[in-house]
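# Structural description and commentary
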Amino acid sequence: MTDAYRTVAERATARFEVQGSEFLGHVAPVDTVEAAESFVEEVRGEYADATHNVPAYRVPAGEPSERAPGSEPMLREYSSDDGEPTGSAGKPALNVLQQREVRNVVAVVTRYYGGTNLGVGGLARAYSRAVKDGVDAAGVLEERPHRSLVVETEYDDSGTVRGVIESTGVEFDADYGERVRFDLRVPVAEVEELRERLNDATSGRVEIGR
């Protein structure tokens, strides 16, 4: 499909040292700017004692539902040097994501200063390597745009609804409270067909939202 794209398969961290400084390249797959920022804050919190936590990400600028079918998403590309010399950290990190042609991905490079200045060139090489190693550790796969859906139903229809969902092979979590709620991750191209199947199977009694 033309809307397929390359991204990382899972979260991963790669670690190495350069002249006493320790670098950790963290990467993760994300679908939104909010998720990317959340990952950045998570890493900053976990490695709050580090000298620098340099972020870079490439994610869609809007929700899949806001784009015309088949259109390519506008990408939000962001990076920061987080106190390193200008151009020595964030841009090299982002360049790796661009050169590897991966998107829906966030990277944060953690650095613990080891007492030796690496210079702008040395820093650029180290931050680039951290992201490259992180992406390699996570693995790259081809993915299709997804959308999150929330499906709610009464218990009488829950078995039918679950059967329809399971037959599609999409990822989902089920919560059995006062009503039954299914949280789905559905390929964008399959959303409308699934909506129709769920409504047909329950005579319109199912509630489907985002």
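What you are looking at is a predicted structure, and each value in this text was computed from that prediction instead of being measured.

Cut-offs and rules
Residues numbered from 1 in each chain as written. Predicted model: local features only at pLDDT ≥ 70, side-chain atom pairs only at ≥ 80, totals over all residues. Heavy atoms only, no water. Domains from an automatic or database assignment. Buried < 20%, exposed > 50% of the residue type's maximum accessible area, 1.4 Å probe, protein only. Helix = DSSP H or I, 4+ residues; strand = E, 2+ residues; numbered from the N terminus. Contact = heavy atoms within 4.5 Å. Phe/Tyr/Trp six-rings, centres within 6.5 Å; stacked < 30°, edge-to-face > 60°. UniProt positions renumbered as here; feature names shortened; annotations may be inferred. Expected span 1.5 Å × (residues − 1). pLDDT = per-residue confidence, 0-100.

### Comments concerning the domain arrangement of the protein
One can read the domain layout of the protein as domain 1 (3–141) and domain 2 (144–207). Between domain 1 and domain 2, the C-alpha centre-to-centre distance is 34 Å.

### A short note on helix H2 (residues 90–99)
Residues of H2 that are buried include every one of Gly90, Pro92, Ala93, Leu94, Val96 and Leu97, and no others. Its buried side turned inward, H2 meets strand E4 (52–60), strand E5 (75–79), strand E6 (105–112) and helix H3 (119–138). One or two positions beyond H2, positive phi appears at Glu101, with a value near 55°.

### Considerations on the packing of aromatic side chains
This structure, assessed with the given rule, holds six aromatic pairs. With a centroid separation of 5.3 Å and an interplanar angle of 90°, the aromatic rings of Phe23 and Tyr127 are classed as edge-to-face. Taken together, the positions of Phe23 in strand E3 (residues 21–29) and Tyr127 in helix H3 put the pair 104 residues apart, joining distant regions of the chain. Classification of Tyr127 by relative accessible area gives buried; the value is 0%. Ring plane angle 50° and centroid distance 6.1 Å describe the contact between Tyr155 and Tyr176, whose orientation is recorded as tilted. Remark: Tyr176 occurs in strand E9 (residues 171–176) and Tyr155 occurs in helix H4 (residues 155–168); sequence separation between them is 21 residues.

### Notes on the UniProt feature "domain: UPF0029" (unreviewed entry) in the protein
Within this numbering scheme, the UniProt entry marks residues 152–205 as carrying the feature "domain: UPF0029" (unreviewed entry). Between the C-alpha atoms that bound residues 152–205 the distance is 9 Å, and the span itself is 48% helix and 30% strand.

### Regarding the environment of Met74
Within the secondary structure, Met74 sits in the loop between E4 and E5. Overall, the relative accessible area of 64% leaves Met74 in the exposed class. Residues Met74 and Glu34, 40 residues apart in the sequence, show an inter-C-alpha distance of 15 Å. Discounting residues that sit within four places of it in the chain, Met74 has contacts with Val59, Pro60 and Ala61.

### Quick word on H3
Given a rise of 1.5 Å per residue, 20 residues ought to cover 28 Å, and the 29 Å separating the end C-alpha atoms of H3 matches this to within 8%. Looking one or two residues beyond H3, the residue adopting positive phi is Gly139, at roughly 85°.

### Structural notes on the confidence of the model for the protein
With 93% of its residues at a pLDDT of 70 or more, the protein has an overall mean of 91. Put simply, strand E8 (residues 146–153) is where the protein has its lowest mean pLDDT, 88, and E6 is where it has its highest, 98.

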